[in-house]
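For reference, the chains in residue letters:
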Amino acid sequence: QQQVKQSPQSLIVQKGGISIINCAYENTAFDYFPWYQQFPGKGPALLIAIRPDVSEKKEGRFTISFNKSAKQFSLHIMDSQPGDSATYFCAASIGGSARQLTFGSGTQLTVLP
Amino acid sequence: GAVVSQHPSWVICKSGTSVKIECRSLDFQATTMFWYRQFPKQSLMLMATSNEGSKATYEQGVEKDKFLINHASLTLSTLTVTSAHPEDSSFYICSARVRERYTDTQYFGPGTRLTVL
């Protein structure tokens, strides 16, 4: 059972554009939602995370929007740059922090120069 | 942030041999480490949770006798793939959980690419 569904599978954006990746979850016990960035041949790195008590969190060019009633959350990358080209994973966990993560299927982002 | 290293970064072995992968937390102590497996263009699948000084907890479908995990110290966990076969070829990633500012964070290692011939 896939508990975190991620879309799209791949995304191509022009430099300076906005990249949007969406995730939906099923388990209402999830209460911690991080996003990870992974470059080829490397391990994932934490980008930004949110808890259900807020609807939006922004860090630099990265913003998480969270809709608790719809059980959805999304990552917005503003002013996308070629260096942002990577695979992005959403994840979810119970316990308010990264105790044990369930990952989405990943989105391969390509930002064209 | 905290740094997690893995060794080796890549390994090629013959079918039937055993391979050991090390995961180290370099500047912090981790009571809990996780081992993931990732196939090309796929997500990370949790294999097991490793707690220092106790037996690892394996996810459903992961063979305990094939993927031996040892967490002998607060900075080192090892994954041994026993009698490896070509279907075990994959990217293996560890992570270490650390308590930071009243919350748990997982830091991931760079991964180990295993190719079994």
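If you're wondering where the values come from, they're calculated on a predicted model, not measured in any experiment. (Residues numbered from 1 in each chain as written. Chains lettered and ligands numbered in written order. Predicted model: local features only at pLDDT ≥ 70, side-chain atom pairs only at ≥ 80, totals over all residues. Heavy atoms only, no water.)

What follows deals with the layout of surface pockets. Put simply, the largest pocket is a space of about 670 Å³. Lining the largest pocket are 29 residues, and of these Thr 102 of chain A together with Leu 44, Met 45, Leu 46 and Glu 59 of chain B lie nearest its centre. Contributing elements (two or more residues each) for the lining of the largest pocket: strand S10 (102–103) of chain A together with strand S5 (44–51) of chain B. No other element matches the 4 residues that S5 of chain B contributes to the lining of the largest pocket. Here the lining of the largest pocket is composed, by residue class, of 12 nonpolar, 13 polar and 4 charged. (1 Å grid on protein atoms, 1.4 Å probe; cavity = no way out; pocket = protein on both sides within 12 Å on 5 of 7 lines; lining within 4 Å. Points joined across faces, edges and corners; volume = space filled by probe spheres on them. Helix = DSSP H or I, 4+ residues; strand = E, 2+ residues; numbered from the N terminus. Nonpolar A, V, L, I, M, F, W, Y, C, P; charged D, E, K, R; others polar.)

Contacts between chain B and chain A engage 20 residues on the former and 20 residues on the latter. Here chain B and chain A share an interface that buries about 1500 Å² over both sides, 47% of which is from carbon and sulfur atoms. The interface formed by chain B and chain A holds 0 salt bridges in total. Between chain B and chain A we count 3 residue pairs in polar contact (both at pLDDT 80 or more) in total. Elements that contribute at least two residues to the side of chain B that touches chain A include exactly strand S4 (32–38), S5, strand S9 (90–100) and strand S10 (103–108) of chain B. For the side of chain B that touches chain A, the element with the highest residue contribution is S10 of chain B, accounting for 5 residues. (Contact = heavy atoms within 4.5 Å. Buried area = accessible area lost by both parts, 1.4 Å probe. Salt bridge = Lys/Arg side-chain N within 4 Å of Asp/Glu carboxyl O. Polar contact = N/O pair within 3.5 Å; in protein donor to acceptor, adjacent residues only side chain to side chain.)

It is worth spelling out the pairing of strand S2 (residues 10–14) of chain A at this point. Residues and elements named next belong to chain A. Residues Leu 11 and Val 13 of S2 are buried on one face, while the alternating residues Ser 10, Ile 12 and Gln 14, pointing to the opposite face, are not. Summarising the sheet, S2 and strand S11 (residues 107–112) pair through 5 bridges and their orientation is parallel. If you follow Leu 11 over to S11, its bridge partner there is Leu 109. (Buried < 20%, exposed > 50% of the residue type's maximum accessible area, 1.4 Å probe, protein only. Pairing = 2+ DSSP bridges.)

With the rule as written, the count across this model stands at 2 disulfides over all chains. With a sulfur-sulfur separation of 1.9 Å, Cys 23 of chain A is cross-linked through a disulfide to Cys 90 of chain A. Taking the sign of the S-S torsion, -95° for the link of Cys 23 of chain A and Cys 90 of chain A, the bridge is left-handed. Placement of the pair is Cys 23 of chain A in strand S3 (residues 19–25) and Cys 90 of chain A in strand S9 (residues 86–92), with a sequence separation of 67 residues. For Cys 23 of chain A, a relative accessible area of 3% corresponds to the buried category. Summary of cysteine pairing: Cys 13 of chain B is not part of a disulfide, and the nearest cysteine sulfur, belonging to Cys 94 of chain B, is at 18 Å. (Disulfide = S-S within 2.5 Å.)

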